[in-house]
Amino acid sequence: MPETNAYWRKTRWLTISLFVLWLLVTFVMNWYAREINEISFLGFPLGFYMGAQGILFIYLAIIWFYNRRMRTLDAEYGIKNE
Amino acid sequence: MFGNLTKLQRYYLYYTGSFLFFVGALAVLEDHGMPPRWIGYAFLFFTITMYAAIGIASRTSDVSEYYVAGRRVPAFFNGMATGADWMSAASFMGMAGTLYLTGFQGLAYIIGWTGGFVLVALLLAPYLRRFGQYTVPDFLGARYGGNAIRLVAVGAAILASFVYVVAQIYGVGVITSRFVSLQFEIGVFVGLAGILVCSFLGGMRAVTWTQVAQYIILIVAYITPVAILSYNVTGNPVPQIVYGRVLQEVTQLENRLFDTPSEVEVRRLFRERADSYSQKIMQLPASLAIERDRLSNQINQLKASDAQMKDIVALERQRRELPHDPAQARAQWETAMFAAIERGKQPIHHAEAFPGDDPEQRMGMRINFLALIFCLTVGTAALPHVLARFYTTPTVSQARDSVFWSLLFILALYMTAPAYAVFAKFEVLSHLAEIPIAKLPGWVAAWTKIGLVSIEDINRDGILQLAELSMNPDVIVLATPEIAGMPYVVSGLVAAGALAAALSTADGLLLTIASALSHDVYYRIIRPDASTQFRLVISKSLLLLVAVLAATVAAEKPGTILSMVAWAFSIAGSAFFPALVLGIFWKRATCAGALSGMLVGMLLSIYYIIRVEFDSIPWLGISGFGMEPWFQVQSISAGVYGVFAGFFTIIVVSLATKPYPGAESFLNGIRRGNQDGDS
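The shown structure was predicted, so the numbers you read here are calculated from the model rather than taken from an experiment.

Observations concerning the environment of Leu-517 of chain B
Residue and element names in this part refer to chain B.
Next, step 1: Position of Leu-517 relative to the elements: it lies in helix α21 (residues 488–526).
Next, step 2: Under the relative-accessibility criterion, Leu-517 is labelled partly exposed at 25%.
Next, step 3: Sequence separation between Leu-517 and Met-415 is 102 residues, and the spatial gap between their C-alpha atoms is 37 Å.
Next, step 4: For Leu-517, the residues in contact, after removing those within four places along its chain, are Ile-158, Tyr-522, Leu-542 and Val-546.

So, the domain arrangement of chain B
Next, step 1: Structurally, chain B comprises domain 1 (2–235 + 368–420 + 487–672) and domain 2 (261–344).
Next, step 2: Relative placement of domain 1 of chain B and domain 2 of chain B: their C-alpha centres are 44 Å apart.

Focus on a nonpolar patch on the surface
Residues and elements named next belong to chain A.
Next, step 1: Taken together, the side chains of Ile-16, Val-20, Leu-24, Val-28 and Tyr-32 define a hydrophobic patch exposed on the protein surface, amounting to about 440 Å² of accessible area.
Next, step 2: Here Ile-16 is to be found in helix α1 (residues 2–31).
Next, step 3: Judged by its relative accessible area of 45%, Ile-16 falls in the partly exposed class.

Some words on the environment of Gly-173 of chain B
Residue and element names in this part refer to chain B.
Next, step 1: Looking at where Gly-173 falls in the secondary structure, it is placed in helix α8 (residues 147–179).
Next, step 2: Looking at Gly-173, the relative accessible area reads 0%, which means it is buried.
Next, step 3: In the structure, Gly-173 is positioned 17 residues away from Val-190 in sequence and 8.1 Å away in space, judged by C-alpha atoms.

Brief notes about the packing of helix α5 (residues 89–102) of chain B against α21 of chain B
Residues and elements named next belong to chain B.
Next, step 1: Their axes nearest at 6 Å, the elements α5 and α21 cross at an angle of 130°. Taken as axis vectors, α5 and α21 run oblique relative to one another. Residues Ala-89, Phe-92 and Met-93 of α5 touch α21, and the partners they reach there are Val-494, Gly-497, Ala-498, Ala-501 and Ala-502.
Next, step 2: In terms of residue class, the contact of α5 with α21 is built from seven nonpolar, one polar and no charged.

Remarks on the packing of aromatic side chains
Next, step 1: Tallied over the full model, the rule gives 49 aromatic pairs over all chains.
Next, step 2: Relative to Tyr-243 of chain B, the ring of Phe-44 of chain A lies with its centre 4.8 Å away and its plane at 85°, an arrangement referred to as edge-to-face. Residue Phe-44 of chain A is found in strand β2 (residues 44–45), and its partner Tyr-243 of chain B is found in helix α10 (residues 239–257); the two belong to separate chains.
Next, step 3: For Phe-44 of chain A, a relative accessible area of 1% corresponds to the buried category.

Scoring rules and cut-offs
- Residues numbered from 1 in each chain as written.
- Chains lettered and ligands numbered in written order.
- Predicted model: local features only at pLDDT ≥ 70, side-chain atom pairs only at ≥ 80, totals over all residues.
- Heavy atoms only, no water.
- Helix = DSSP H or I, 4+ residues; strand = E, 2+ residues; numbered from the N terminus.
- Buried < 20%, exposed > 50% of the residue type's maximum accessible area, 1.4 Å probe, protein only.
- Contact = heavy atoms within 4.5 Å.
- Domains from an automatic or database assignment.
- Patch = residues over 30% accessible without salt bridge, like charges linked within 9 Å, V, L, I, M, F, W, Y side chains within 5 Å.
- Areas by Shrake-Rupley, 256 points an atom, 1.4 Å probe, with all protein chains shown as cover.
- Salt bridge = Lys/Arg side-chain N within 4 Å of Asp/Glu carboxyl O.
- Axes fitted to C-alpha atoms, helices over the stretch in contact; angles between N-to-C directions.
- Parallel < 35°, antiparallel > 145°, perpendicular 65-115°, else oblique.
- Nonpolar A, V, L, I, M, F, W, Y, C, P; charged D, E, K, R; others polar.
- Phe/Tyr/Trp six-rings, centres within 6.5 Å; stacked < 30°, edge-to-face > 60°.

So this is what it looks like as structure tokens:
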């Protein structure tokens, strides 16, 4: 069924792009934590702030966005939600 | 559905209300002279009775209820239960302390343990839920076919979970012995009872609803003391928002205190002590005899010069406590040497990322920071007791939502931990450093007595230098109520929270081990025709057996097993993560590939840990196999190698073997929810 194939293709595309975002935030940004620490944010050095709070909000946003998109996709392709 | 939800929410609102009322009542009673010990008992009794009541009310004899709570747990509550399931005694007591001691480097735990939930949400939870059986080995068995992979999965699940559950029960023993002054061994068995009342009668169903109750207690207990401390210090009761300002003050204090002449002097004295220990160790066994002669001479001189009896007795005790043989001396002196090295080190600035003397050292810190994040993330996304929670929601969409709620509820604690560390550091730098030792606040003496804080006036100036103070990580959370000058009832609340964190994690782990053995080994492999009645009997007996075994091990106070918990993440990550992810996203992955990948990944991790961490195993009679770490990666991050080796092996072996014919229809099922397999 080409319909459901499209569903899986879109799911996979969504998953991969969010996964790459996660990789960037988690590993690439933290690699430069020492440099980012030079910037000050809300009284924190930014590198410290990201590790203690900022990244965690981004994680939450990634999951929230994924769930929202998947709900739309489920409805669009009439996927049984069991 | 909606009516059910509001009813549940109402129940838990009543429950939270009555818990707060209970705490308030105890506060009033304390004001009227109720002794602290009774407050401790009251917390212990009240919370465990609550858990028992929920456990008994949710008893069941239905297989689906027992293994997956009947798949009727709404996303919101599954999030809370996952939060409690996930946050262990170590998260509750140890994390703030680790952040206190290591500053920025400790953030690896915060990032790693939350980042893992993104992987769970994107890569695993929806597919596990759509597959809809009972355990993680079930999933691997169905995807790859055959019992061999099921058995390997069961083995890895038990290996990772058992050590972990022992550490939780050990934690219960520590908490009860400190706050209620029960004997440690009795505390362990109180903990065992607390765990069994939740899981024995009602399985997953009872564990779920007690975990929700435990989450509420642990989060209230964690946030209350630091909110009050924050209010005292800054006038704002939301520590997460204001501690940036406190961190700035900490940095200023650090700049002022770290290089005062007396601090530099104290650190030099500790380094000299470390050097003298290292010389003594090198000159073993002769140095042991010299040491004994030196003490004997001193004693004889004192005796001849009619000195005070007290001094002679002290020296005689020193002589008695000398190690008996060179091997013991080496062990004892090495510990003392490392402690002295630790105190003699240049202290690190709390907010500095990757501190070090030269670029190479800084690079090592950077690599280890990222490697640790990697292992903790992948480990989080592979621990069977966490993954099993996502089988319990009514729908796939709710499974996805419940990962969101889980992370939100976990963040409540993980965002508070760094604030704890910064506030504690502020107190230490501003109220302990440069203070005469005789005038230190009372809480220091109280925790010194138990051995969690130690002070040594090495330069004998009667004033505390920072390097003269060393603290056990657990102290930060446990002592914050006293640091902020709060009544004992807050300490009791913290103890109840720590207890809830330990019990809830132990419940989840125990259930995972018992269902791996009873469902995957007994029912799926040994006797597929067993009646449901009998399957539950087997499951409950195994649960009891494993619980008693874990408590017995914990009662032995095994020191090494506690440090082994950190390795569970590397082991679980390298065993499960590649096989699960490739199983879902790569049609071509085969059984032979997955099997060899799981074994190679897991064994490589274990091999790396053993060779980096140990040099000899006395009871096996082998020694001298220690090795230098690869690229400076510490043993706690062994999973970096294990996970990549696992992926690599699965891909190579899968390409060399014939595809599994069942994979197509299985994947059609979990990817889109139609089981027929037409494409």
